[in-house]
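In case you want the letters, here they are:
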Amino acid sequence: MLIQTKHFGEIDLDESKIITFDQGIMGFEECKQYTILYDIEDSEKPTISWLQSIEEPGLALPVINPFIVKPDYNPVVEDELLKPLGGINEDNLVLLLTVTVPTDITKMSVNLKAPFIINGDTRKGCQAIVENQDYEIKYKVYDIIQKSKGREKVKC
C-alpha cells in the first residue's frame, strides 16, 4: 500500500509492517495505525527511527530503543494494559521511547515514563505510563548517544 510520510515522501509499505495502537497514542488518540521507518540508504540502522502514522502523514515521532540510552531500563507496567497486545515475551517485545530534539541538539531527551510497548508477533502496541517513580519525562541523552555511536554527530 502507498502511504505519505513526513520525512520520506510517498513509500510503498507492506501491510505486515503496520502496528495497531487500539487506544492511539497520547495526544493523538484518533490515530491508530503506525509503522517504524528509518533511512535504509545508510549502511547501518540509525540510532533514531520514526514512528510514522499511517492515517496522518504529518505525524511522525522520533523514537529510540531504550537500551541504547539506559541499558538497565526496566519499566513496570500494569499487566492489564498489556493483555490486549497478546502474549508478550522477550522474543517479541519491542520497546521504544519518544525522543525530543530541540533546536539545541545537546539538550536532546527521551521520555522514560511513557514508552511504546509493541508485540512484534501480533503487531499490536500501546503507550503506557510506567510505575517506576525514578524514570524521568525528559532524560537527557545527547552525550550517551554520542558515546554509544562513537561519532561526532547523531544519525537521525
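Let me begin by describing the structure that accompanies this report. Source: prediction; values computed, not measured. (Residues numbered from 1 in each chain as written. Predicted model: local features only at pLDDT ≥ 70, side-chain atom pairs only at ≥ 80, totals over all residues. Heavy atoms only, no water.)

## Some words on the packing of aromatic side chains
Applying the stated rule across the entire model yields four aromatic pairs. Look at Tyr73 and Tyr135: their rings are 4.9 Å apart centre to centre, the planes differ by 20°, and that puts the pair in the stacked class. A residue pair is termed long-range when its members are at least 10 positions apart, and Tyr73 in the loop between α1 (66–69) and α2 (79–82) and Tyr135 in the loop between β10 (124–127) and β11 (139–140) qualify at 62 residues. Look at Tyr135 and you get buried, because its relative accessible area is 9%. Through successive ring pairs, a cluster of aromatic residues spans Phe21, Tyr34 and Phe116. (Phe/Tyr/Trp six-rings, centres within 6.5 Å; stacked < 30°, edge-to-face > 60°. Helix = DSSP H or I, 4+ residues; strand = E, 2+ residues; numbered from the N terminus. Buried < 20%, exposed > 50% of the residue type's maximum accessible area, 1.4 Å probe, protein only.)

## Overview of the pattern of salt bridges
Taken as a whole, this structure holds four salt bridges when the rule is applied. The salt bridge involving Lys70 is made with Asp72; its shortest N-O contact spans 3.3 Å. Across the pair Lys83 and Glu80 runs a salt bridge whose closest N-O atoms are separated by 3.3 Å. Residue Glu80 is classed as exposed on the basis of its relative accessible area, which comes to 53%. (Salt bridge = Lys/Arg side-chain N within 4 Å of Asp/Glu carboxyl O.)

## As for the side chain of Asn119
Turning to its location among the elements, Asn119 is positioned in strand β9 (residues 116–119). In terms of polar contacts, Asn119 uses its side chain to reach the backbone amide nitrogen of Asp121, at 2.8 Å. Engagement of the side chain of Asn119 in a polar contact is seen with the backbone nitrogen of Thr122, the distance being 3.2 Å. When sequence neighbours within four positions are dropped, the list of residues in contact with Asn119 reads Leu85, Gly86, Gly87, Ile88, Asn92 and Lys124. (Polar contact = N/O pair within 3.5 Å; in protein donor to acceptor, adjacent residues only side chain to side chain. Contact = heavy atoms within 4.5 Å.)

## Quick look at a negative patch on the surface
Together, Glu10, Asp12, Asp14 and Glu15 make up a region of like negative charge exposed at the surface. Summarising the element assignment, Glu15 is placed in the loop between β2 (9–12) and β3 (19–21). (Patch = residues over 30% accessible without salt bridge, like charges linked within 9 Å, V, L, I, M, F, W, Y side chains within 5 Å. Areas by Shrake-Rupley, 256 points an atom, 1.4 Å probe, with all protein chains shown as cover. Lys, Arg positive; Asp, Glu negative; His and termini not counted. Charge placed at Lys NZ, Arg CZ, Asp CG, Glu CD.)

## With respect to unusual backbone geometry
Despite not being glycine, Arg123 shows a phi value in the positive range, around 60°. On the basis of relative accessible area, Arg123 is assigned to the partly exposed category, the value being 35%.

## Looking at the pairing of strand β5 (residues 48–53)
The buried fraction of β5 amounts to six of the six residues, a majority that puts the element mostly inside the structure. Covered by surrounding structure in β5 are Ile48, Trp50 and Gln52 together with Ser49, Leu51 and Ser53, the residues of both alternating faces. Bridge analysis of β5 against strand β6 (residues 60–64) gives five bridges, and the strand direction is antiparallel. Bridging from a neighbouring strand, Gln52 pairs with Ala60 of β6. Hairpin connection from β5 to β6: six residues lie between these consecutive antiparallel strands. (Pairing = 2+ DSSP bridges.)

## Considering the state of the cysteines
Under the criterion given, the structure shown has zero disulfides. Counting only cysteine sulfurs, Cys126 is the nearest neighbor of Cys31, a cysteine outside any disulfide, at a range of 17 Å. On the basis of relative accessibility, which here comes to 6%, the residue Cys31 falls in the buried class. Residue classification places Cys126 among the buried positions, given a relative accessible area of 12%. (Disulfide = S-S within 2.5 Å.)

## What about the nonpolar core?
Core analysis: the largest hydrophobic core is formed by 22 residues, its most contacted members being Ile64, Val110 and Ile117. Among the elements of the structure, β7 (93–100) and α3 (142–149) are those that each provide at least two residues to this core. No other element matches β7, which puts three residues into this core. When neighbours within four sequence positions are excluded, Ile117 is seen to be in contact with Val77, Leu82, Leu85, Ile88, Leu93, Val94, Leu95, Lys124, Gly125, Cys126 and Ala128. Formed by twelve residues, the second largest nonpolar core is a distinct cluster that contains Ile19, Leu51, Leu59 and Val63. (Core = buried A, V, L, I, M, F, W, Y, C linked by side-chain atoms within 4.5 Å.)

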